[in-house]
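# Understanding the architecture of this molecule
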Amino acid sequence: MLCAFFGGEALAALMVFQRGRRAWYFYGASSDEYRELMPTYLLQWEAMRWARTNGCETYDLWGVPEASEDQLEAEFPHRSDGLWGVYRFKRGFGGDLHRSHGPWIEFISH
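Residues numbered from 1 in each chain as written. Predicted model: local features only at pLDDT ≥ 70, side-chain atom pairs only at ≥ 80, totals over all residues. Heavy atoms only, no water.

## Structural notes on the pairing of strand β2 (residues 9-19)
Two elements, strand β1 (residues 2-6) and β2, share five bridges in a ladder whose sense is antiparallel. Paired with F6 across the strands is E9, a residue of β2. In this structure, the hairpin formed by β1 and β2 is closed by a connection of two residues, where G7 is found at a positive phi of approximately 60 degrees. In this structure, the hairpin formed by β2 and strand β3 (residues 22-30) is closed by a connection of two residues, where G20 is found at a positive phi of approximately 65 degrees. (Pairing = 2+ DSSP bridges. Helix = DSSP H or I, 4+ residues; strand = E, 2+ residues; numbered from the N terminus.)

So, in structure tokens, the structure goes:
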């Protein structure tokens with residue numbers, strides 16, 4: 001878990017996990033206080049640096065809107081509903097978009 005503070009006040013936090021050569025950003029939260037300091041960007045950058053230092057070759061920002069790449073690029077400048085703001089934020093770090101089947105959950109009934 002990484003946290004960003006300013007003047008003793010927590011502004012943002014995120015959780016990043018590692019397995020082998022891959023790291024995942026799962027959850028984060030931020031305050032509206034001092035938003036102009038962009039603590040979430042700092043935390044993502046530091047999480048990426050942490051991952052690299054720990055031997056990771058991939059850092060997964062995990063999750064974008066369900067849309068084609070063409071639609072993502074065409075609509076992100078003016079959309080803010082759902083995951084569109086999150087996509088805009090993540091897009092700012094560069095990288096490649098890779099689709100997966102998502103999480104797998106097994107239910108066992110007894």
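## Thoughts on the environment of D32
Among the structural elements, D32 can be located in the loop between β3 and α1 (39-53). Along the backbone, D32 and L11 are 21 residues apart, and their C-alpha atoms lie at a distance of 7.8 Å.

## Notes on the pairing of β3
As judged from the eight bridges shared by β2 and β3, these two strands associate in the antiparallel manner. Note that in β3 the partner of L14 across the bridge is G28. Bridge count between β3 and strand β4 (residues 58-60): three bridges; the pairing is parallel. Looking across to β4, one finds that R22 is bridged to T58. After leaving β3, the chain enters α1 and then returns to the sheet as β4, a path that is right-handed. (Right-handed = clockwise from strand over helix to strand, strands pointing away.)

## Here we look at the pattern of salt bridges
Applying the stated criterion across every chain, the model contains six salt bridges. Here E75 makes a salt bridge to R79, at a shortest N to O gap of 2.3 Å. According to the relative accessible area criterion, R79 is partly exposed, its value standing at 23%. When salt bridges that share partners are traced, they join E75, R79 and D81 into one network. (Salt bridge = Lys/Arg side-chain N within 4 Å of Asp/Glu carboxyl O. Buried < 20%, exposed > 50% of the residue type's maximum accessible area, 1.4 Å probe, protein only.)

## Looking at the side chain of D60
Along the chain, D60 turns up in strand β4. The residues contacting D60, other than those within four sequence positions of it, are R22, A23, W24 and Y25. (Contact = heavy atoms within 4.5 Å.)

## Let's talk about the confidence of the model for the protein chain
Per-chain confidence: the protein chain averages 85 in pLDDT, with 91% of residues scoring 70 or above. The secondary structure element of the protein chain with the lowest average pLDDT is helix α3 (residues 84-91), at 78, and the one with the highest is β1, at 96. (pLDDT = per-residue confidence, 0-100.)

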